Amino acid sequence: MARDKIYLEEEFPSPLVQLWIVFRSTPSIMIGLGAFTFLIMLAIFSPILAPHSSVDSNIAMALLPPAWDDAGNISYLLGTDDLGRDMLSRLMHGASLTFGLSFVVVLIALVIGVFIGSLSALTKGVKSSFLNHFLDVVLSIPSLLLAIIIVAILGPGLSNTLWAIVMVLIPQFIHITRGAVKEEFAKTYVLAAKLDGASKLRILLHSVMPNIIEKIVNQATFAQSAAILDIAALGFLGLGAPIPLPEWGAMLASGFDLFYIAPWTVYLPGLAILFAVIATNLVGEGLRHAIKQRKDS
Amino acid sequence: MLIFTLRRLNLFFFTMFLLTLLSFSLSFLFPGDQLVNLTGALNASDSVRDSLAAIYQQDSNIVVQYFAYLSQIFSGNLGTAMTTKSDIFNEILRLLPATIELSLFAFFLATIVGIPIGFIAAINHKKPIDNAILAVAMVGYSIPVFWLGLLAILTFSIQLGWLPSGGQISLLYEIEPRTGFMFYDILVGSSDYKWDALQNAFAHIILPAAVIAIAPATIFIRLARTAMLTVLETSYIKATRAKGLSFNQIIFRHAVRNSLIKVIQHIGLQFANLVTLAMITEVIFNWPGIGRWLIESIYQRDYTSIQGGLLVLSSFIFVVHIITDYIYALLNPLARGAKYGSR
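Residues numbered from 1 in each chain as written. Chains lettered and ligands numbered in written order. Predicted model: local features only at pLDDT ≥ 70, side-chain atom pairs only at ≥ 80, totals over all residues.

When helices and strands are counted, chain B shows 14 helices and zero strands. Each helix and strand of chain B, ordered N terminal to C terminal, gives the series α-α-α-α-α-α-α-α-α-α-α-α-α-α. For chain B, the spread of C-alpha atoms along the principal axes amounts to about 85 × 55 × 40 Å. Expressed as a percentage of its 343 residues, the buried residues of chain B come to 40%. (Helix = DSSP H or I, 4+ residues; strand = E, 2+ residues; numbered from the N terminus. Buried ≥ 20, exposed ≤ 12 C-beta atoms within 10 Å, placed from the backbone.)

Following this line, the structure appears as structure tokens:
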């Protein structure tokens, strides 16, 4: 059908699309996002991609330096550790343990925290005030210390570590969600929806959520960089993943004794942790920048 | 100010209540017998057990038990360690000063390095220096502290051989422990090699303190930068510019003072973070502090020690928290009238 009137339609992208438009304009942050996606891919596909097994030892090939060294072997690109396990494969498997699990941990904490946070934002009175004070106390204890306490209760082990970190992260999400929902509920567009007769739950899901999701995602990036460091730190202290598992922190701890004869067993896992945390922080930085730009414009 | 103090006290009691409650409930949450977890009396004879049960009022209801526990804490009884059978309170008294010394030193280092750099970044906003400082700060707070510690030992202790790799002071020096604060003990003690010992202790503390200080320093850079940027945009700075004051006058007389207040507000929160970093660093540098002791008691499943250590460590963090809040309120009259006690 022919259109006789052609007019330029004004587009109003959704908050998330607006965010993305600002977000992609900074190159360094897109590099961060690229690295972040790369790590997620690695975390998912590492069992297929890794050239060697991450746990089987091969004493004949023990302590090979990386391939660019004269004594290196090209089929072990980043060298081997004291049991002849390929460093590259271990690092790749470690991506799914340290990075992948931190992602899952943050996701679980996010769902639980946002749920409790938005519920508590809708309640008033003593219950709410008590929660507020309680959160203040919990938030003033650093996350790693709290995680160590919980691991002490549950006992060492990888799954206990993960639950501990989930429990540590939940209060942060409750705090952010609660504040954000309260702030939005005071605005006039919510009042308009209320006057239209929308129920509280409907307002929460359809009006408020799209506007606060960016803050929650922002908190998620903070939480993830903390989670990576916490998982690795607990692994390093021997409270997290058991030694044979190629968790980056545990790998560092087992390289500790070799660190003069085979420094690559210490350098490489540390660099991997650094890389993962910087990638996460860059994405978070970009998000904060984009949110600020959108608020200002 | 009185109301502010009362609010602080209120928050303090509430938090102390929660912390002791948490510590008390830990004895139920830890595996094993509750009374044993509480007192550390492992494999005790029946008579000892009975007397302990009487002290902790095990027959009464849970509230009375909690208050019995509380009165034991206030009389300085945290039980005995399950593994070494030593009194936990004395143990902590011996170890805590080393941790306080290390973390205060690191805190001082982070402040004097971080804040000026942050100011420099803000003054050069959107110039290459600013971007470079931001990039370094990003790397700084992404670095895992245990890795940094290992690298520091490898470079400065093993390859260059400049600094010792662990411990608080060389064993050659015999320092009589009075307070546990090494520097104070050396200065007070009477020995012929006072200055040598002082230098040696300084060489021991500098590496771990620098490792701990890196992450908080980068956070201070960001805090100071944001604070300075907001101050530089205010109208009173514009007014000083209009009056024709020189750059140095504006920055040092007006901007720095006002932005420092904003930085101090957030400094207390960072201290908690710093103490956690100190715990890990103590393990690496073999520092005889409470962090290493606590982590070792987790390995040994010494629940009584964990309980006491956590209580003392978190109260320490909280006390520092309150002190910085107080300093902030003293410096900034606007904060005293705050609507809500904790901010």
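Now that the structure has been shown, we can carry on.
Residues and elements named next belong to chain B. Here the phi dihedral of Lys126 falls at roughly 65 degrees; this positive angle occurs in a residue that is not glycine. Along the chain, Lys126 falls in the loop between helix 5 (88-123) and helix 6 (128-142). Assessed through the 7 C-beta atoms surrounding it within 10 Å, Lys126 is described here as exposed. Although it is not a glycine, Asn286 adopts a positive phi angle of roughly 55 degrees.

The next point concerns the interface of chain B and chain A. Each partner contributes residues to the interface: chain B has 30 residues there, and chain A has 31 residues. Where the side of chain B that touches chain A is concerned, the elements lending two or more residues are helix 1 (2-29), helix 6, helix 7 (145-159), helix 11 (247-285), helix 12 (290-299) and helix 13 (303-331) of chain B. For the side of chain B that touches chain A, a count of residues per class yields 23 nonpolar, seven polar and no charged. (Contact = placed C-beta atoms within 7 Å. Nonpolar A, V, L, I, M, F, W, Y, C, P; charged D, E, K, R; others polar.)

Here we take up the packing of helix 5 of chain B against helix 13 of chain B. Residue and element names in this part refer to chain B. Packing of helix 5 against helix 13 brings their axes to within 10 Å, and their N-to-C directions diverge by 50 degrees. Regarding the angle of helix 5 to helix 13, the classification is oblique. Here helix 5 and helix 13 pass one another in a crossing that is right-handed. Residues Ile88, Ile92 and Leu96 of helix 5 form the contact with helix 13, whose participating residues are Thr304, Ser305, Gly308, Gly309 and Val312. Residues of the contact of helix 5 with helix 13, tallied by class, amount to four nonpolar, four polar and no charged. (Axes fitted to C-alpha atoms, helices over the stretch in contact; angles between N-to-C directions. Parallel < 35°, antiparallel > 145°, perpendicular 65-115°, else oblique. Left-handed = near helix turned anticlockwise from the far one by under 90°.)

Residues lying three or four places apart along an α-helix face the same way, a consequence of the helix completing one turn every 3.6 residues. Residues and elements named next belong to chain A. Between its terminal C-alpha atoms helix 5 (residues 143-154) stretches 16 Å, which fits the 16 Å expected from 12 residues at 1.5 Å a residue. Across the 12 residues of helix 5, nine count as buried, placing the element largely inside the fold. Turning to helix 5, its buried residues number three or more, namely Ser143, Leu144, Leu145, Leu146, Ala147, Ile148, Ile149, Val151 and Ala152. Two residues or fewer past helix 5, Gly155 is found with a positive phi of approximately 95 degrees. (Expected span 1.5 Å × (residues − 1).)

This next bit is on the confidence of the model for chain B. Residue and element names in this part refer to chain B. Across chain B, pLDDT averages 80, with 94% of residues at or above 70. The least confident element of chain B, judged by mean pLDDT, is helix 14 (residues 333-336) at 67; the most confident is helix 5 at 87. In the model output, the complex is listed with pTM 0.83 alongside ipTM 0.79. (pLDDT = per-residue confidence, 0-100.)

Attention shifts here to the environment of Leu109 of chain B. All names here are of chain B. Along the chain, Leu109 turns up in helix 5. Using a count of 19 C-beta atoms within 10 Å as the deciding quantity, one classes Leu109 as partly exposed. Measuring from C-alpha to C-alpha, the distance between Leu109 and Ile212 comes to 9.4 Å, with 103 residues separating the pair along the chain. Excluding residues within four positions of it along the chain, Leu109 makes contact with Ala209, Ala210 and Ala213.

This part covers helix 6 of chain B. Here helix 6 of chain B is 15 residues long and its end C-alpha atoms lie 21 Å apart, about the 21 Å a rise of 1.5 Å per residue gives. Of all the positions in helix 6 of chain B, only Ile133, Ala137, Tyr141 and Ser142 of chain B are classed as buried. Down the axis of helix 6 of chain B, the buried set is contained in an arc of 160 degrees. They therefore lie on one face. Turned more than 90 degrees off the buried face of helix 6 of chain B, the exposed positions are Pro128, Ala132 and Ala135 of chain B. Packed against the buried residues of helix 6 of chain B are helix 8 (200-236) and helix 10 (264-296) of chain A together with helix 5 and helix 9 (194-232) of chain B. (Arc of directions from axis to C-beta.)

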